[in-house]
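Each chain is listed here by its residues.
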There are 2 protein chains.
Amino acid sequence: MSGDFSFRTEVLPADREAVRAILESSGFFYPEEVDVAVELVEERLARGLASGYHFDFAETGGQVAGYTCFGPIACTKDSFDLYWIGVRQDRRGAGLGRSLLARAEDRIRSLGGGRIYVETSSRPQYEPTRGFYLSRGYRVEAVLDGFYGPADGKVIFLKVL
Amino acid sequence: MSGDFSFRTEVLPADREAVRAILESSGFFYPEEVDVAVELVEERLARGLASGYHFDFAETGGQVAGYTCFGPIACTKDSFDLYWIGVRQDRRGAGLGRSLLARAEDRIRSLGGGRIYVETSSRPQYEPTRGFYLSRGYRVEAVLDGFYGPADGKVIFLKVL
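Treat the numbers as computed from the prediction; the structure is a model and nothing was measured.

Conventions used here
- Residues numbered from 1 in each chain as written.
- Chains lettered and ligands numbered in written order.
- Predicted model: local features only at pLDDT ≥ 70, side-chain atom pairs only at ≥ 80, totals over all residues.
- Heavy atoms only, no water.
- Helix = DSSP H or I, 4+ residues; strand = E, 2+ residues; numbered from the N terminus.
- Buried < 20%, exposed > 50% of the residue type's maximum accessible area, 1.4 Å probe, protein only.
- Contact = heavy atoms within 4.5 Å.
- Buried area = accessible area lost by both parts, 1.4 Å probe.
- Salt bridge = Lys/Arg side-chain N within 4 Å of Asp/Glu carboxyl O.
- Polar contact = N/O pair within 3.5 Å; in protein donor to acceptor, adjacent residues only side chain to side chain.
- Nonpolar A, V, L, I, M, F, W, Y, C, P; charged D, E, K, R; others polar.
- Expected span 1.5 Å × (residues − 1).

Draft legend 1. Up close: unusual backbone geometry. All names here are of chain B. Look at Cys75: it is not a glycine, yet its phi comes out positive at around 70°. Residue position: Cys75 is located in the loop between strand S3 (63–72) and strand S4 (79–87). For Cys75, a relative accessible area of 17% translates into the label buried. In the Ramachandran plot, Ala151 falls in the positive-phi region, its phi being about 60° despite a non-glycine side chain. By the element assignment, Ala151 lies in the loop between strand S6 (139–149) and strand S7 (152–160).

Draft legend 2. Quick look at the interface of chain A and chain B. Contacts between chain A and chain B engage 22 residues on the former and 22 residues on the latter. Across the chain A to chain B interface the summed buried area is about 1,800 Å²; carbon plus sulfur atoms make up 64%. The largest share of the area that chain A buries against chain B comes from Cys75, Leu144 and Phe147 of chain A, three residues that together contribute 31% of it. Inspection of the chain A/chain B interface yields 0 salt bridges. Linking chain A with chain B are 10 residue pairs in polar contact (both at pLDDT 80 or more). For the side of chain A that touches chain B, the elements supplying multiple residues, two or more each, are helix H2 (31–47), strand S5 (115–121) and strand S6 (139–149) of chain A. Per element, the largest residue contribution to the side of chain A that touches chain B is 9 residues, and it comes from S6 of chain A. Each residue belonging to the side of chain A that touches chain B can be placed in one class, and the counts come to 12 nonpolar, 4 polar and 6 charged.

Draft legend 3. Structural view of the pattern of salt bridges. Residues and elements named next belong to chain B. As enumerated under the stated definition, the model contains 28 salt bridges over all chains in all. Between Asp152 and Arg123 there is a salt bridge, with the nearest N and O atoms lying 3.1 Å from each other. Here Arg123 lies in the loop between strand S5 (115–121) and helix H4 (127–135) and Asp152 lies in strand S7, a separation of 29 residues in the sequence. One exposure class covers both Asp152 and Arg123, and it is buried.

Draft legend 4. Molecular detail of helix H3 (residues 96–110) of chain A. Residues and elements named next belong to chain A. The end-to-end C-alpha distance of H3 is 21 Å, a good match for the 21 Å that 15 residues give at a rise of 1.5 Å each. Within H3, the full set of buried residues consists of Leu96, Gly97, Ser99, Leu100, Leu101, Ala104, Glu105 and Ile108. Just downstream of H3, Gly112 is the residue with a positive phi angle, here 95°.

Draft legend 5. Broad picture of the environment of Asp15 of chain A. All names here are of chain A. Here Asp15 is to be found in helix H1 (residues 15–25). For Asp15, a relative accessible area of 2% translates into the label buried. As a C-alpha pair, Asp15 and Ala151 span 136 residues in sequence and 33 Å in three-dimensional space. If sequence neighbours within four positions are ignored, Asp15 has contacts with Arg8, Glu10, Val41, Phe57 and Val64. Within the structure, Asp15 has its side chain in polar contact with the side chain of Arg8 (distance 2.9 Å).

Next comes the structure, spelled out in structure tokens:
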């Protein structure tokens, strides 16, 4: 149901603000987390593909509606990290997250990837996020209790391609 | 038993080659892993403490005999990664690894850290490494089978300070 989106893997300077706006729209992320996401865009702009960060932006009406960021994990044979997947709050519910995830998986496969790791929080507010990954064929590979903070563990999902 | 070492937390340009020599001396690491370790030195030289990489070098006779690299994990309350600990092959067996680890733990504590994560391989050749962490109060928090490659999982150790 994302037929009205166009996708773009090139990264533009304006994507710094697009990424910030998407993540802030969710009301989910701490400012530090948003800063880290924007830094990945900046790394990519500065160093190109040598940064190891691949992006995919979904656009509609001249606006970025969602994006993914992923890349190979150094010193592994074929493991990739899906660092970020975000959809603007006002574009949710149209299947864009599923489309972006499927596209990222295709790109990772074409880059030689065999395993995709995704990390998220164990906090209750992330239950829909965890359910999303489970519904897309990811399994919980490990849980690190207290990783992010008290009562805030890290859940590591894995999908073997 | 490391009374004849002096320690230095300042990072010098020559440490790029020192780190390379230490890690290569073990015969353990893949060239890509050594490159990643050297990149952390370069990041620190380029960006200072803003890089998030802290170092500690042990010297004797004008030569670097071992080192640690660690830093806070972004978006966590007080979790730190111990990225690297290395001792030159010809300086092993004198307790320098234990000294370096204890010093890193003290530094992390003074930086506000409460949890130290260390990642290593599940391969048989890393059994002494894993035994070292277990003997220093670390516990296995998770194992990601096949993370680095077939039959090469990632073992995540944790010490709560």
